[in-house]
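# Results of the structural survey
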Amino acid sequence: VFGGNVKFVRQSIPDTLWREKVTSFGAGLDAGLLYMPMDAATIGIMVRDLTTTWLSWSNGTRELVQPTIETGVAFNFYPADKHALTWATDIGWGFEGRRRDSQLKLGQVTTEFRTGLEYWYNHTFALRSGANAKDLTFGAGVRYKHLGVDYAASLHRFFAGDEGDFPGDQNLDTTHLVSASFSW
């Protein structure tokens with residue numbers, strides 16, 4: 001199975017001035033492939049920001065987000081009728097040569113490890129939780145026929161809030177993500 005999406009990005013972060021914020025808007029493209037060697041396992045690869053996502057900030061700055069590659073595997077379990085549990089783990093590959101906050105560095109290549117659990121009841125309601133590198137994530141979703149709505153939150157640096165390399169990271173707010181989907 002293959003797919004892709006066009007994305008529109010809006011961000012808001014604190015400015016250096018008290019009570020002021022800087023916002024951005026941008027657009028990009030993602031693409032991915034899934035392979036299911038058996039019903040209980042899925043292997044995937046995705047390229048985020050395939051065309052290099054551009055961001056235009058309210059302070060006049062322009063930014064380009066470099067492509068990254070995500071590789072992963074998921075395993076499905078069905079403990080009882082109408083109940084489904086999925087455990088997934090993946091590795092994010094970056095090519096920007098970041099020196100800090102990457103879990104593994106190989107020259108210009110950096111990696112981030114992630115894992116999570118997703119529980120579904122009756123293919124309608126979902127609960128999710130996981131670790132995204134050093135962040136704690138959680139969320140929920142609901143599906144009705146071809147429509148879906150999902151919410152996710154990320155508690156930044158939850159597993160590394162007091163590292164000396166990032167003295168101001170305790171001020172990072174929670175990131176909230178809301179999405180709607182239509183499938184056919």
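## Comments concerning the overall build of the protein
The number of helices and strands found in the protein is 0 helices and 13 strands. Going from the N terminus to the C terminus, the protein shows its helices and strands as β-β-β-β-β-β-β-β-β-β-β-β-β. Across its three principal directions, the C-alpha atoms of the protein cover 55 × 35 × 35 Å. Here the protein, with 184 residues, has 23% of them falling under the buried criterion. Across the protein, contacts joining residues at least 24 apart in sequence account for 34% of those joining residues at least 6 apart. In the structure as shown, the protein presents an accessible area of about 12,700 Å², 63% of it carried by carbon and sulfur atoms.

## A look at a nonpolar patch on the surface
Together, Y121, F125, F138, V142, V149, Y151 and V178 give the surface a local cluster of nonpolar side chains, amounting to about 630 Å² of exposed area. Listing elements by their share of the nonpolar patch, those giving two or more residues are strand 11 (135-144) and strand 12 (147-155). For F125, the location among the structural elements is in strand 10 (residues 125-132). By relative accessible area, F125 is classed as partly exposed at 48%.

## With respect to unusual backbone geometry
Phi at K82 is positive, roughly 75°, even though this residue is not glycine. With respect to the secondary-structure elements, K82 resides in the loop between strand 6 (68-80) and strand 7 (83-94). What makes K82 partly exposed here is its relative accessible area of 44%. Phi is positive for K145, close to 55°, though the residue is something other than glycine. Tracing the sequence through the fold places K145 in the loop between strand 11 and strand 12. For K145, a relative accessible area of 69% gives the class exposed.

## Quick word on the packing of aromatic side chains
The geometry of an aromatic ring pair comes down to the distance between the two centres and the angle between the two planes. Under the counting rule described, the total for this entry stands at 4 aromatic pairs. Connected via pairs of aromatic rings, a cluster forms that spans F8, F25 and W54.

## Points about the pairing of strand 12
Residues in a regular strand project their side chains so that they alternate between the two faces of the sheet. The pairing of strand 11 with strand 12 spans 9 bridges and is classified as antiparallel. Paired with L136 across the bridge in strand 12 is L155. What sits between strand 11 and strand 12 in their antiparallel hairpin is a turn of 2 residues, with K145 showing a positive phi close to 55°. Across 8 bridges, the pairing between strand 12 and strand 13 (residues 175-182) is antiparallel. Paired with G148 across the bridge in strand 13 is S181.

## Thoughts on the pairing of strand 11
One ladder, built from 8 bridges, connects strand 10 with strand 11; its direction is antiparallel. Within strand 11, the position partnered with F125 by the bridge is V142. With antiparallel pairing between neighbouring strands as the criterion, strand 10 and strand 11 make up a hairpin whose turn holds 2 residues, including A133 at a positive phi of roughly 60°.

## Quick word on the environment of R19
Tracing the chain through its elements places R19 in the loop between strand 1 (2-14) and strand 2 (21-38). Counting along the chain gives 41 residues from R19 to G60, while the straight-line C-alpha distance between them is 19 Å.

Criteria and thresholds
Residues numbered from 1 in each chain as written. Predicted model: local features only at pLDDT ≥ 70, side-chain atom pairs only at ≥ 80, totals over all residues. Heavy atoms only, no water. Helix = DSSP H or I, 4+ residues; strand = E, 2+ residues; numbered from the N terminus. Buried < 20%, exposed > 50% of the residue type's maximum accessible area, 1.4 Å probe, protein only. Contact = heavy atoms within 4.5 Å. Areas by Shrake-Rupley, 256 points an atom, 1.4 Å probe, with all protein chains shown as cover. Patch = residues over 30% accessible without salt bridge, like charges linked within 9 Å, V, L, I, M, F, W, Y side chains within 5 Å. Salt bridge = Lys/Arg side-chain N within 4 Å of Asp/Glu carboxyl O. Phe/Tyr/Trp six-rings, centres within 6.5 Å; stacked < 30°, edge-to-face > 60°. Pairing = 2+ DSSP bridges.

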